[in-house]
Structure formats: structure tokens, C-alpha cells
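The chain contents come next:
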Amino acid sequence: MSDQNHAPTSRSKPPPPGEEEAGATLKLGEFEDVESLTLSEASLVINALMTKRKKDRKDRNETEVLNKTLDYLDAFARFKQKENVEAVERLLSGRKELTKFERAQIGSLCCDTADECKTLIPSLADKISDYDLQELLDEMAKLMSN
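Residue numbers here run from 1 along each chain, matching the order of that chain's written sequence. Note on the predicted model: pLDDT of at least 70 is required for a residue's local features to be given, and 80 or more for side-chain atom pairs to be given and counted; whole-chain, interface and lining totals, by contrast, use all residues. The basis for every side-chain value is the complete set of heavy atoms in the structure, and neither hydrogens nor water enter the calculation.

As annotated in an unreviewed UniProt entry, the protein is HRDC-like protein from Cercophora newfieldiana. UniProt positions are given in the numbering used here, feature names are shortened, and annotations may be inferred rather than shown by experiment. UniProt's Subcellular location (unreviewed entry) comment on the protein is quoted here verbatim: "Nucleus". Under the heading Sequence similarities (unreviewed entry), UniProt records this for the protein: "Belongs to the eukaryotic RPB4 RNA polymerase subunit family."

The structure is reproduced here in C-alpha cells:
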């Protein structure tokens, strides 16, 4: 028997995918500065693309995943009219102290109270006062009823 050091025969274990976390401290990794859309914005974009493809008579390439995504967005997008989606985006983009991800979450969740919002989006805790957040939520609620 020889005492030679051989290379290991097994591969090293790959690192776990993503260390992303949307907790009290946002850790979004490679998605840190990526544009984030609300569900309403995503619905507008996808529906506009589908309408254009249909108009241009291009292969719409509708898959089951696309159809399920559209069903999901139809069910959960809070703002249906383009003008209201744009108004919410203007409201949210004015809050520069919030990350793009946080603004998209606020616009998608449409919480009733600041407390509920901070519970669901813990990273908001020290970024915006309850008063300012409630004011923002109230303005958004007015747009939902239109």
C-alpha cells in the first residue's frame, strides 16, 4: 500500500442557491438594483405585449405558464386601469428612502394599515414613519376604488 495523496473522487458541494432575504434587512443579492414591478404593472406589461402580438398576428406562444401567470395577475393586481397604475407608480417613486423592491411590495400588497405593511415588509421599520406610510396607503386606496 502506498501513501500517495490522491485527488478527491467526489465533486465539492455547490453553494446553496441565493442567500436572498426580504427580512428586516434586505439581502437581494444580484437583484439588489433590479427594477421591481407591482403586480398591476406586470399585468399591464404582459397584457400590452399580448395585445401587440395579437394585432401583429405574430405567434403569441401562449403557454400554460403564461396563462396561469395572467390568471394570477388578473386575480391579485389591485389596480386595473392604466391611469391608476401610473398614479400609484408616481406616488411610490416619490419615496426615495425606499428601495425599488419595497415600493413594488407596497404597491402589490396594498395593506390597510401602516402596521400591517411593516409586518409584511419588515425592512420598512426604520425607513418611513407610520404616519407617512399610512398617508401613502390611504392615497393608494383612493386609486383602488376608481
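From this point on, the discussion continues.
> It is not clear to me how the overall build of the protein should be interpreted in this structure. Could you clarify?
Looking only at helices and strands, the protein has six helices and two strands in total. Strands here are runs of E lasting at least two residues and helices are runs of H or I lasting at least four, both read from the DSSP assignment and numbered beginning at the N terminus. The secondary structure elements of the protein, listed N-terminal to C-terminal, are β-β-α-α-α-α-α-α. Any two residues having at least one pair of non-hydrogen atoms within 4.5 Å are treated as being in contact. When contacts within the protein are restricted to residue pairs at least 6 apart in sequence, those whose partners lie at least 24 apart make up 61%. Each accessible area value is a Shrake-Rupley result obtained with a 1.4 Å probe; residue values ignore everything except the protein chains displayed when judging cover. Of the roughly 10600 Å² of accessible surface on the protein, a fraction of 51% belongs to carbon and sulfur atoms.

> Where do I start with the nonpolar core in this structure?
Considering soluble globular proteins, one finds that nonpolar side chains tend to be buried as a cluster. Counting 19 residues, the largest nonpolar core has Phe-79, Ile-106, Cys-117, Leu-124, Leu-133 and Met-140 as the members making the most contacts within it. Elements with a minimum of two residues in this core: helix H3 (82-93), helix H5 (114-120) and helix H6 (130-144). The residues touching Ile-106, leaving out its near neighbours within four places in the chain, are Leu-92, Leu-98, Cys-117, Ile-121, Leu-124, Leu-133, Leu-136, Leu-137 and Met-140. Within this scheme, the nonpolar core is defined by two criteria: the residues are buried Ala, Val, Leu, Ile, Met, Phe, Trp, Tyr or Cys, and they are joined through side-chain atoms within 4.5 Å. Each residue is placed in one exposure class: buried if its accessible area under a 1.4 Å probe, protein chains only, is under 20% of its type's maximum, exposed if it is over 50%, and partly exposed if it falls in between.

> How should I be thinking about unusual backbone geometry in this particular structure?
Glycine aside, a negative phi is what most residues show, and trans is what most peptide bonds show. Located in the positive-phi region is Cys-110, a residue other than glycine, with phi close to 50°. If you trace the backbone, Cys-110 turns up in the loop between helix H4 (100-109) and H5. Using a relative accessible area of 8% as the deciding quantity, one classes Cys-110 as buried.

> Sorry if this is basic, but what is going on with the packing of H3 against H6 here?
Here H3 crosses H6 at 170°, and the two axes come no closer than 10 Å. On the basis of their axis angle, the class for H3 and H6 is roughly antiparallel. Across the interface between the two elements, Asn-84, Ala-87, Val-88, Leu-91 and Leu-92 of H3 pack against Leu-136, Glu-139, Met-140 and Leu-143 of H6. Residues are grouped as follows: nonpolar covers Ala, Val, Leu, Ile, Met, Phe, Trp, Tyr, Cys and Pro; charged covers Asp, Glu, Lys and Arg; every other residue, Gly included, is treated as polar. Tallied by class, the residues present in the contact of H3 with H6 amount to seven nonpolar, one polar and one charged. Simply put, an axis is a line fit to the C-alpha atoms, just over the touching stretch for a helix, and the angle between two N-to-C directions goes from 0 to 180 degrees. Any angle from 65 to 115 degrees is called roughly perpendicular, while one under 35 is roughly parallel, one over 145 is roughly antiparallel, and all others are oblique.

> What's the story with H3 in this structure? I'm lost.
Given 3.6 residues to a turn, an α-helix orients residues that are three or four positions apart in the same direction. Given the number of residues in a helix, its expected span is that number minus one, multiplied by 1.5 Å. Its 12 residues give H3 an end-to-end C-alpha distance of 16 Å, which sits within 8% of 16 Å, the value for a rise of 1.5 Å per residue. Regarding H3, the residues found buried are Asn-84, Val-85, Ala-87, Val-88 and Leu-92. Projection of H3 onto a plane perpendicular to its axis shows the buried side chains occupying an angular sector of 160°, all on one side. Of the exposed residues in H3, the ones pointing more than 90 degrees away from its buried face are Glu-83 and Arg-90. Considering only its buried residues, H3 is in contact with helix H1 (39-55), H4 and H6. To be clear, the arc concerns the directions from the helix axis to the C-beta atoms.

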